[in-house]
Amino acid sequence: MSYSIIFLFLSLIVLSLYILSQKSYINVIIGYGVFSVAISVLFFLLNAPDVAFVEITIGAAFVVFIYLIAIKKTAEVKVYYIETPYMIEEKEGNLYGFEYELIKEFLERKGLDADFIKVDAEDPMDNINDHGEILAGGIILENNYDNIIPSDGILLSKLYAVGQPNKICLGIFMPNLKSKSFEDLDDDFIIDAVRLRKIVMGEERLLSKKIEIIKDTSYRIIFYKRDKSLARDFNKFLEEIKSDTEYYENLVRRYIG
């Protein structure tokens, strides 16, 4: 057996491992295309030129082309978001925040584009049910929903009761309380840590109100039930990010403080 054939066999093994290890669809397709070219050359060296020709035209060209078209049509993920201080908000025409960076990096690693759409409705769950794959923006779940998949906790938080609460911030899902947009809250409500921080920094009147901690909780990213694989991949990505303690803490300090 010639050195060229041995080299090609080893290359096929390496390419197979590369394809299996990739998380980006684009990288997988590129690896598959190179694999098809390598195996075409191998067939040619093994005196099977007809098979080599079929492999390079069908495997390396046509199949890759079809996959690229399919990815292009499905590569944009609709991300509905509730504008939330420090987490995901618009500044000077650009989105900014802790959750925004997490979601953007996650989708970029998967080779997907994100279409961020602001939610103004008081029931943002309707948007993800009908149109979107992801819902974000300081979300805290205290209800059970059959049609969504919450991610693991992306950041620890707390729930606070201000005065005699009869409403909650849009994005905090609790039973028997009406949701209000962040700007419309008055002096009696349940609020989370980042929104309370924003209000206290801008409105000293709340410093005289009775504020009690209700419970410790976490912010989560919401995925539609049909996107189980996307939710699963996000949790793996989140575990990887959190395992790099220095990077994760720097990310939190950069946006939350």
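Residues numbered from 1 in each chain as written. Predicted model: local features only at pLDDT ≥ 70, side-chain atom pairs only at ≥ 80, totals over all residues. Heavy atoms only, no water.

One pass over the structure, following the stated rule, counts ten salt bridges. The partner of Glu-240 in a salt bridge is Arg-109, with the nearest N and O atoms 2.8 Å apart. Within this pair, whereas Glu-240 is found in helix H7 (residues 228-243), its partner Arg-109 is found in helix H4 (residues 98-109), the two being separated by 131 residues in sequence. Taking the relative accessible area as the measure of exposure, Glu-240 reaches 34% and is therefore partly exposed. With a closest N to O distance of 2.6 Å, Asp-192 and Arg-195 form a salt bridge. In terms of burial, Asp-192 and Arg-195 fall into one category: buried. Through salt bridges that share partners, Glu-105, Arg-109 and Glu-240 make up one connected network. (Salt bridge = Lys/Arg side-chain N within 4 Å of Asp/Glu carboxyl O. Helix = DSSP H or I, 4+ residues; strand = E, 2+ residues; numbered from the N terminus. Buried < 20%, exposed > 50% of the residue type's maximum accessible area, 1.4 Å probe, protein only.)

Let us look at the packing of H7 against helix H8 (residues 245-255). Helix packing geometry: the angle between the two helix axes and the distance between the axes. Viewed as axis vectors pointing N to C, H7 and H8 meet at an angle of 95°, and their least axial separation amounts to 5 Å. For the element pair H7 / H8, the angle class is roughly perpendicular. In contact with Ile-241, Lys-242 and Ser-243 of H7, H8 contributes Thr-245, Tyr-247 and Tyr-248. Classifying every residue of the contact of H7 with H8 gives three nonpolar, two polar and one charged. (Axes fitted to C-alpha atoms, helices over the stretch in contact; angles between N-to-C directions. Parallel < 35°, antiparallel > 145°, perpendicular 65-115°, else oblique. Contact = heavy atoms within 4.5 Å. Nonpolar A, V, L, I, M, F, W, Y, C, P; charged D, E, K, R; others polar.)

Here the UniProt-annotated "transmembrane region" (unreviewed entry) positions come out as residues 6-21, 28-46 and 52-71. Secondary structure across residues 6-21 divides into 100% helix and 0% strand, with the first and last C-alpha atoms of the span separated by 23 Å. (UniProt positions renumbered as here; feature names shortened; annotations may be inferred.)

Looking now at unusual backbone geometry. Backbone geometry places Asn-47, a non-glycine residue, at a positive phi of 65°. By the element assignment, Asn-47 lies in the loop between helix H2 (25-45) and helix H3 (49-74). Although it is not a glycine, Tyr-86 adopts a positive phi angle of roughly 70°. Topologically, Tyr-86 is positioned in the loop between strand S1 (76-81) and strand S2 (89-91).

In this section: the pairing of strand S7 (residues 155-162). Here S7 lies mainly inside the structure; six of its eight residues are buried. Here eight bridges tie S7 to strand S12 (residues 211-224), and the two strands are oriented antiparallel to one another. Counterpart to Tyr-160 in the pairing with S12 is Ile-213. By the bridge criterion, four bridges tie S7 to strand S11 (residues 189-192) in an arrangement that is antiparallel. Residue Ala-161 lies in a different strand from S11, and its bridge partner there is Ile-190. (Pairing = 2+ DSSP bridges.)

If you walk through the whole model with that rule in mind, you get eight aromatic pairs. Measuring from ring centre to ring centre gives 6.2 Å for Phe-98 and Tyr-248, while their planes differ by 75°; the resulting arrangement is edge-to-face. Taken together, the residues Phe-98 in helix H4 and Tyr-248 in helix H8 connect sequence positions 150 residues apart. Per residue, the accessibility class of Phe-98 equals that of Tyr-248, and both read buried. Each ring, one from Phe-234 and one from Phe-237, has its centre 6.0 Å from the other, and the planes form 45°; the classification is tilted. With a gap of three residues between them, Phe-234 and Phe-237 both fall in helix H7, about one helical turn apart. (Phe/Tyr/Trp six-rings, centres within 6.5 Å; stacked < 30°, edge-to-face > 60°.)

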